[in-house]
Structure formats: structure tokens, C-alpha cells
Amino acid sequence: MPFKIYRGETVIAEGESPLTIRGVAPNTTVAAGEYQAVRVEDGKESVRVDIPAFTMLPIAVTGVTLSPKTSTAEAGTAGSRQLTATIEPTNATNKGVTYSISPTTGLTVSNSGLIEWTEDVPAGQYTTTVTTDDGGKTDTHTLTLTEPPEPDPED
């Protein structure tokens, strides 16, 4: 038996149950009576019934990607690298992330993904991890600090 959902005088969905209300933003609360449902039998509609209040579900994070994935710099020189976290899907409700770096010897990573280090940081590999607030999805970036070149003995 088919159904219709109305918003005011406009039919926004029709067909067999269950029907989907589209066009409402995630995490939006809809008041009772904003939408009405009718049953259609032999081309005739039943009396409209108010749909109770409801809240649209959030759109969950399915993944995160850091860019760039790797970078290189010379140890003994202070520096920085900006990382960019891309959340999937792009319309996810909660796009919050946190960053951490390991080992932390002389390196920091900000809430916006900026890695900074001092000239005292030794050569080595340092891994930055981004973690989504929604779902705990992760990705990593590897910073390699290389040994400075040996001075030319003829200088």
C-alpha cells in the first residue's frame, strides 16, 4: 500500500514504506507536525497524520588522509611543515581532528597540523598521526631529518 509524506501542501516523498525524507541537514531537529503522512488506497488519501518530532542522523566520518605523506629536511636547522587533513566524506558532520607526533624530542604539532622543530632536533624519522574525533580514523605523515652534509675540507 503506497504512502505520501507532505511538508505543507508539497508532496516530498511517496511510495511503499519505509519512505525517506531528504533535504534536511544532518543533526537537524524537526518539530512534530512539520511533516504529515497519508496512506493512499484506490487513489484516495487517508487523513493526514503528523509525523512526530525527529532529529536527522549525523553523517559519520569514514576516513582521513594527510597531505603530504612524507617530507624531508636537514637536521641542525629549525623548520616547519604544514600538514592538511582531508576528511571523508566531505559532508561529514564532525570534522574535528587531533594531531600527535612521535618521538617528540624538540618537535611540536599544532591543532592545525603545523609541525615545528628546533635546530637541536637530531636526525631521524618522526611520525605525525592525525586522528578523527568521530570514529577514531587515522593517517600518518613521516618527517625525515637528514644529517647535515660534511663540510668540504678544502674550504
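Right above here is the structure, for reference.
We now turn to the structure provided with this report. (Residues numbered from 1 in each chain as written. Predicted model: local features only at pLDDT ≥ 70, side-chain atom pairs only at ≥ 80, totals over all residues. Heavy atoms only, no water.)

## Observations regarding the overall build of the protein
Applied cut-off: Note on conventions: DSSP H or I runs of at least 4 residues are helices, E runs of at least 2 residues are strands, and numbering of each starts at the N terminus. Restricting the calculation to C-alpha atoms gives the radius of gyration, and the globule rule supplies 2.2 Å times the number of residues raised to the power 0.38. In what follows, residue pairs with any heavy atoms lying within 4.5 Å of each other are defined as contacts. Accessibility throughout is a Shrake-Rupley quantity obtained with a 1.4 Å probe, and a residue counts as covered only by protein chains that appear here. Charge counting follows a simple rule: Lys and Arg are positive, Asp and Glu are negative, and His as well as the terminal groups are ignored. Lys charges are placed at NZ, Arg charges at CZ, Asp charges at CG and Glu charges at CD.
The secondary structure content of the protein amounts to 0 helices and 16 strands. Computed over its C-alpha atoms, the radius of gyration of the protein comes to 27 Å, more than 25% above the 15 Å expected for a compact globule of 155 residues. The principal-axis extents of the C-alpha atoms in the protein amount to approximately 100 × 20 × 20 Å. Across the protein, contacts joining residues at least 24 apart in sequence account for 57% of those joining residues at least 6 apart. Summing over all exposed atoms, the protein offers an accessible surface of approximately 9,600 Å²; the carbon and sulfur share of this is 51%. Mean positive and mean negative side-chain charge positions of the protein (10 and 21 charges, respectively) differ by 21 Å.

## Description of the pairing of strand β1 (residues 3-7)
The two faces of a sheet get side chains in turn, since along a regular strand they alternate between them. Defined as follows: When DSSP finds at least two bridges between two strands, those strands are taken to pair.
Bridge analysis of β1 against strand β2 (residues 10-15) gives 5 bridges, and the strand direction is antiparallel. By the bridge assignment for β2, arginine 7 is matched with threonine 10. Here β1 folds back onto β2 in antiparallel fashion, the turn holding 2 residues, of which glycine 8 has a positive phi close to 65 degrees.

## A look at the sheet that holds strand β10 (residues 79-82)
What counts is decided by this rule: Only the stretch in contact is used when fitting a helix axis, every axis being a line fitted to C-alpha atoms; angles between N-to-C directions are given from 0 to 180 degrees.
Read across the open sheet, the 3 strands follow the order β10-β14-β13; overall the sheet is antiparallel. What marks the edges here is a single partner per strand, and that holds for β10 and β13 (107-109). Across this sheet, the average inter-strand angle for adjacent strands is 15 degrees, counted without regard to direction. Here 3 bridges tie β13 to strand β14 (residues 114-117), and the two strands are oriented antiparallel to one another. Counted as the bridge partner of threonine 108 is glutamate 116 from β14.

## Comments concerning the side chain of histidine 141
Our working rule: The term polar contact refers here to a pair of N or O atoms within 3.5 Å; inside protein, the definition further demands a hydrogen-donor-capable atom paired with an acceptor-capable atom, and it admits residues adjacent in sequence only when both atoms are side-chain atoms.
With respect to the secondary-structure elements, histidine 141 resides in strand β16 (residues 138-146). At a separation of 2.8 Å, a polar atom in the side chain of histidine 141 contacts the side chain of serine 71. Not counting residues within four places of it along the chain, the set of residues in contact with histidine 141 comprises Leu66, Pro68, Lys69, Thr70, Ser71, Leu83, Ile115, Tyr126, Thr127 and Thr128.

## Quick word on the nonpolar core
Note the cut-off: Among buried residues, the Ala, Val, Leu, Ile, Met, Phe, Trp, Tyr and Cys ones that are joined through side-chain atoms within 4.5 Å form a nonpolar core. The buried label applies to any residue whose accessible area, calculated with a 1.4 Å probe on protein chains only, is under 20% of its type's maximum; exposed applies above 50%, and partly exposed to all values in between.
Core analysis: the largest hydrophobic core is formed by 19 residues, its most contacted members being Leu107, Ile115, Trp117, Val121, Tyr126, Leu143 and Leu145. Sequence-distant contacts of leucine 145, that is, excluding residues within four places in its chain, are made with Ala73, Ala75, Trp117, Val121, Pro122, Ala123, Gly124 and Tyr126.

## A word on the sheet that holds β16
Spatial strand order, β9-β16-β15-β12: 4 strands in an open sheet with mixed pairing. Each having just a single partner strand, β9 (70-74) and β12 (97-102) make up the two edges of the open sheet. Across the sheet, the mean angle separating the axes of adjacent strands is 20 degrees when strand polarity is ignored. As defined by bridge partners, strand β15 (residues 124-132) adjoins β16 across 8 bridges and the pair is classed as antiparallel. In the sheet register, threonine 128 faces β16, and the bridge partner there is histidine 141.

## Thoughts on the environment of asparagine 111
Note that asparagine 111 resides in the loop between β13 and β14. Look at asparagine 111 and you get exposed, because its relative accessible area is 76%. Taking the C-alpha atoms as reference points, asparagine 111 and serine 100, separated by 11 residues in sequence, lie 9.1 Å from one another.

## Some remarks on the packing of aromatic side chains
Operational definition: Each aromatic pair joins two rings of Phe, Tyr and Trp (for Trp, the six-membered one) with centres within 6.5 Å, and gets the label stacked for planes under 30 degrees apart, edge-to-face for over 60, and tilted for any other angle. Placement of a charge over a ring requires the Lys NZ or Arg CZ to be within 6 Å of the ring centre, with the centre-to-atom vector within 35 degrees of the ring normal.
Summed over all chains, the structure comprises 1 aromatic pair. Ring centres of tyrosine 35 and phenylalanine 54 lie 6.1 Å apart, and the angle between their planes is 45 degrees; on these two criteria the pair is classed as tilted. Remark: phenylalanine 54 occurs in strand β7 (residues 54-55) and tyrosine 35 occurs in the loop between β3 (29-30) and β4 (36-41); sequence separation between them is 19 residues. According to the relative accessible area criterion, tyrosine 35 is buried, its value standing at 3%. The positively charged end of arginine 48 is found above the aromatic ring belonging to tyrosine 6, 3.7 Å away from the centroid.

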